[in-house]
Amino acid sequence: MGFYLIPLFIFGFIILISGIFTVKQQTAAVVERFGKFLSIRNSGLHFKIPVFDRIAGRINLRIQQLDVIVETKTKDDVFVRLKISVQFQVIKDKVYDAFYKLENPHDQITSYVFDVVRAEVPKMKLDDVFERKDDIAIAVKQELNEAMVNYGYDIIKTLVTDIDPDLQVKEAMNRINAAEREKVAAEYEAEAERIKIVAKARAEAESKRLQGQGIADQRREIARGLEESVDVLNNVGINSQEASALIVVTQHYDTLQSIGEETNTNLILLPNSPQAGSDMLNNMIASFTASNQIGEEMKKQNAKKGITRKKPDTN
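The rules behind each value
- Residues numbered from 1 in each chain as written.
- Predicted model: local features only at pLDDT ≥ 70, side-chain atom pairs only at ≥ 80, totals over all residues.
- Heavy atoms only, no water.
- Helix = DSSP H or I, 4+ residues; strand = E, 2+ residues; numbered from the N terminus.
- Buried < 20%, exposed > 50% of the residue type's maximum accessible area, 1.4 Å probe, protein only.
- Areas by Shrake-Rupley, 256 points an atom, 1.4 Å probe, with all protein chains shown as cover.
- Contact = heavy atoms within 4.5 Å.
- Pairing = 2+ DSSP bridges.
- Axes fitted to C-alpha atoms, helices over the stretch in contact; angles between N-to-C directions.
- Polar contact = N/O pair within 3.5 Å; in protein donor to acceptor, adjacent residues only side chain to side chain.
- Phe/Tyr/Trp six-rings, centres within 6.5 Å; stacked < 30°, edge-to-face > 60°.
- Expected span 1.5 Å × (residues − 1).
- Arc of directions from axis to C-beta.
- Core = buried A, V, L, I, M, F, W, Y, C linked by side-chain atoms within 4.5 Å.
- Salt bridge = Lys/Arg side-chain N within 4 Å of Asp/Glu carboxyl O.

**As for the overall build of the chain**
Within the chain, the regular secondary structure consists of eight helices and eight strands. Within the chain, the proportion of its 315 residues that are buried is 22%. Accessible surface, the chain as shown: approximately 22,800 Å² in total, 55% of it carbon and sulfur.

Structure representation (structure tokens):
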């Protein structure tokens, strides 16, 4: 008799064990009895009636992400592929709707994403798609929220994570960007060159101004020195003409001495004969004498003309 009880005891123990089950954290289990919904069990240890009750399924309550690739055309007839990332979560109080109302929530979400993106993107040009991708994401989120909340799903966030135009369009955009950058670089280089030229011109102008001022100062000092030299010579009985000639000859010999001190110079001073100084002095004195005579003669002629004009008319 006891031999037959052992199998019954084992069978009963197995049945009892099969009625015990656990539910993981952030998960909900749907229990049915004879195919009809019975209850929703949250995380922890639970018991169901063996044979009569069964776990119909488990629902993930954590935030999930679904990536949807949508290919569409923009307003300027450019085909573009957009990657839309949808973050969603089952509402804890609507596990029943999430489990029984939708056969495949991923397909449902994907359909709504396709519908919204293909309604919004054809209104925009390609550049606007890049600039207004947040507007596309917001439109997708609003549409999904309105539709999926009835099925027990909450749309947390939608993101446009990638915008991939046609390969030829992408290459053309890269060429445009490269040309634009080269244009900007050329403008900067031209501006830098202009600044260099202006700075160089200003430096040269300042250098010329200072050089001219130096030459003017130098000539002023030379003139002052000549004036003083002529005064000294006049004091010892030498007239101005002879003094000027003597100074010129002295400067001539000073110049020859300076040239002689430069061993690597190729300068030749003409005339360069031994009697050049004497000839120069005689020529200058003769020139001064001739100019004085001409000046005196012109004064006499002017005086005669003045007397003639002053004579009264005898008629």
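**Brief notes about the side chain of T27**
With respect to the helices and strands, T27 occurs in strand β2 (residues 27–33). Residue classification places T27 among the buried positions, given a relative accessible area of 14%. The contacts of T27, once residues within four sequence positions are left out, are R41, N42, S43, R58, I59 and L61.

**Structural notes on the sheet that holds strand β8 (residues 153–165)**
Sheet strands line up and pair through hydrogen bonds in the backbone, either parallel or antiparallel. Strands sit in the order β6-β7-β8 across an open sheet of three strands; the sheet is antiparallel. The sheet terminates laterally at β6 (64–73) and β8, the two strands that pair on one side only. Across the sheet, the mean angle separating the axes of adjacent strands is 20 degrees when strand polarity is ignored. As paired elements, β6 and strand β7 (residues 79–90) share ten bridges and run antiparallel to each other. Its bridge partner being in β7, Q65 is matched across the sheet by Q87. Packing of helix α3 (residues 105–120) onto the sheet brings it into contact with β6, β7 and β8, and relative to β6 it is tilted by some 35 degrees. Along the sheet, helix α5 (residues 133–148) makes contact with β7 and β8, crossing β8 at roughly 145 degrees.

**Some points on the side chain of S85**
Along the chain, the position of S85 falls in strand β7. We classify S85 as buried; its relative accessible area is 3%. A distance of 2.8 Å separates the side chain of S85 from the side chain of D67, its partner in a polar contact.

**Description of the environment of K48**
In this structure, K48 sits in the loop between β4 (44–47) and β5 (53–60). Separated by 31 residues in the primary sequence, K48 and I17 have C-alpha atoms spaced 10.0 Å apart.

**Topic: unusual backbone geometry**
Most peptide bonds take the trans configuration, and most residues that are not glycine carry a negative phi. Residues other than glycine seldom take positive phi values, yet Q26 does so here, at roughly 60 degrees. The topology assignment puts Q26 in the loop between β1 (20–23) and β2. Phi angles above zero are rare outside glycine, and F34 is one such case at about 55 degrees. On the secondary structure map, F34 appears in the loop between β2 and β3 (36–41).

**Let's talk about the packing of aromatic side chains**
The final tally for this structure, using the stated rule, is six aromatic pairs. Through a chain of ring-to-ring contacts, three or more aromatic side chains come together here, namely F37, Y96, F99 and Y100.

**Some points on α3**
Between its terminal C-alpha atoms α3 stretches 23 Å, which fits the 22 Å expected from 16 residues at 1.5 Å a residue. P105, I109, V113, V116 and V117 are the residues of α3 that are buried. The buried residues of α3 occupy one face: seen down the axis, they fall within an arc of 95 degrees. Backbone nitrogen of H106 and a side-chain oxygen of the N-cap are separated by 3.2 Å at the start of α3; the cap is N104.

**Here's the deal with the pairing of β2**
Taken across its seven residues, β2 has six buried, putting it largely inside the fold. Here seven bridges tie β2 to β5, and the two strands are oriented antiparallel to one another. Within β5, the residue paired with V31 across the bridge is I55. Summarising the sheet, β2 and β3 pair through five bridges and their orientation is antiparallel. Within β3, the residue paired with E32 across the bridge is F37. Between the end of β2 and the start of β3, which pair antiparallel, lie two residues, with F34 showing a positive phi angle near 55 degrees.

**Observations concerning the nonpolar core**
Buried together is how nonpolar side chains tend to be arranged in soluble globular proteins. If you look at the biggest cluster of nonpolar residues, it comprises 33 residues, and the most contacted ones within it are L82, V113 and I136. Residue assignment for this core shows that the elements contributing at least two residues are β2, β6, β7, α2 (95–100), α3, α5 and β8.

**Let's talk about the pattern of salt bridges**
The full count for this structure, using the stated rule, is nine salt bridges. Its salt-bridge partner being R33, residue D53 comes within 2.5 Å of it at the nearest N-O pair. Taken together, the positions of D53 in strand β5 and R33 in strand β2 put the pair 20 residues apart, joining distant regions of the chain. Here D53 falls in the buried class, since its relative accessible area comes to 4%.

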